[in-house]
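Structural overview for review
Now for the letters of each chain:
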Amino acid sequence: MSSSERTQGLHLNKWLGSDIPERMDFVTDNILIDTAVSTHRNNDDIHVSIYEKTKWNAPYYIGTYAGNGASSRTVDLGCGFEPKWGIIFPVNKMPGISDFSNEAHYNYFALISTRGSTAGVTLSGSSITVIQSPIAVSGNEYRSFNENGITYIYIAFR
């Protein structure tokens, strides 16, 4: 062995003034360094991917769409990712309005998810399909997710 001592952590050559370095010492040290750095960099328990960092730095997207009164329509969320879940609600309007004199309830608030959504909305990829009920569809409930003249806000989460 050409070095009298080794470093404590990686056991690299630690030459003294009287030692004579050999080429194999450098090769061995480079292999030890490369193995240690590669093992560290590839350890997913302590490092995160660019995708994971993006999720942490931008976990949601907020957008709007204007209701056009169509009974059904698909809205591209424009978020650049496929959300796992989200919420939809109207601007300057209550999430639900009950008209007791007509025994009707107008629902403007929805939850969307990849595993199922509130009745009247569906999530598919990075778009939602919303329903505007001209007549009551469930008991006395009207699904009001595309009412003409109403602006809706959606928040899509990764």
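Scroll up a little and you will see the structure.
Residues numbered from 1 in each chain as written. Predicted model: local features only at pLDDT ≥ 70, side-chain atom pairs only at ≥ 80, totals over all residues. Heavy atoms only, no water.

**Considerations on the sheet that holds strand 6 (residues 96-99)**
The sheet built from 3 strands is open, its strands ordered 6-7-11 with mixed pairing. Two strands bound the open sheet, and with one partner strand each, they are strand 6 and strand 11 (141-143). Sheet twist, expressed as the average angle between the axes of neighbouring strands with direction ignored, equals 20 degrees. Where strand 6 lies against strand 7 (residues 104-107), 4 bridges are found, and the strand directions are antiparallel. Within strand 7, the residue paired with serine 98 across the bridge is histidine 105. (Pairing = 2+ DSSP bridges. Helix = DSSP H or I, 4+ residues; strand = E, 2+ residues; numbered from the N terminus. Axes fitted to C-alpha atoms, helices over the stretch in contact; angles between N-to-C directions.)

**Some points on the packing of aromatic side chains**
Using the criterion set out here, one finds 6 aromatic pairs in the structure. Plain terms: the ring middles of tryptophan 15 and phenylalanine 26 are 5.1 Å apart, the flat faces sit at 40 degrees to each other, and that makes the pair tilted. Remark: phenylalanine 26 occurs in helix 1 (residues 23-41) and tryptophan 15 occurs in the loop between strand 2 (13-14) and helix 1; sequence separation between them is 11 residues. Relative accessible area serves as the criterion here: at 28%, tryptophan 15 is assigned to the partly exposed category. Residue classification places phenylalanine 26 among the partly exposed positions, given a relative accessible area of 43%. Geometrically, the ring pair formed by tyrosine 106 and tyrosine 142 is stacked, given 4.7 Å between the ring centres and 20 degrees between the ring planes. On the criterion of sequence distance, the pair formed by tyrosine 106 in strand 7 and tyrosine 142 in strand 11 is long-range, its members being 36 residues apart. We classify tyrosine 106 as partly exposed; its relative accessible area is 26%. Owing to a relative accessible area of 19%, tyrosine 142 belongs among the buried residues under this scheme. (Phe/Tyr/Trp six-rings, centres within 6.5 Å; stacked < 30°, edge-to-face > 60°. Buried < 20%, exposed > 50% of the residue type's maximum accessible area, 1.4 Å probe, protein only.)

Treat this as a map of the structure, not an account of what it does.
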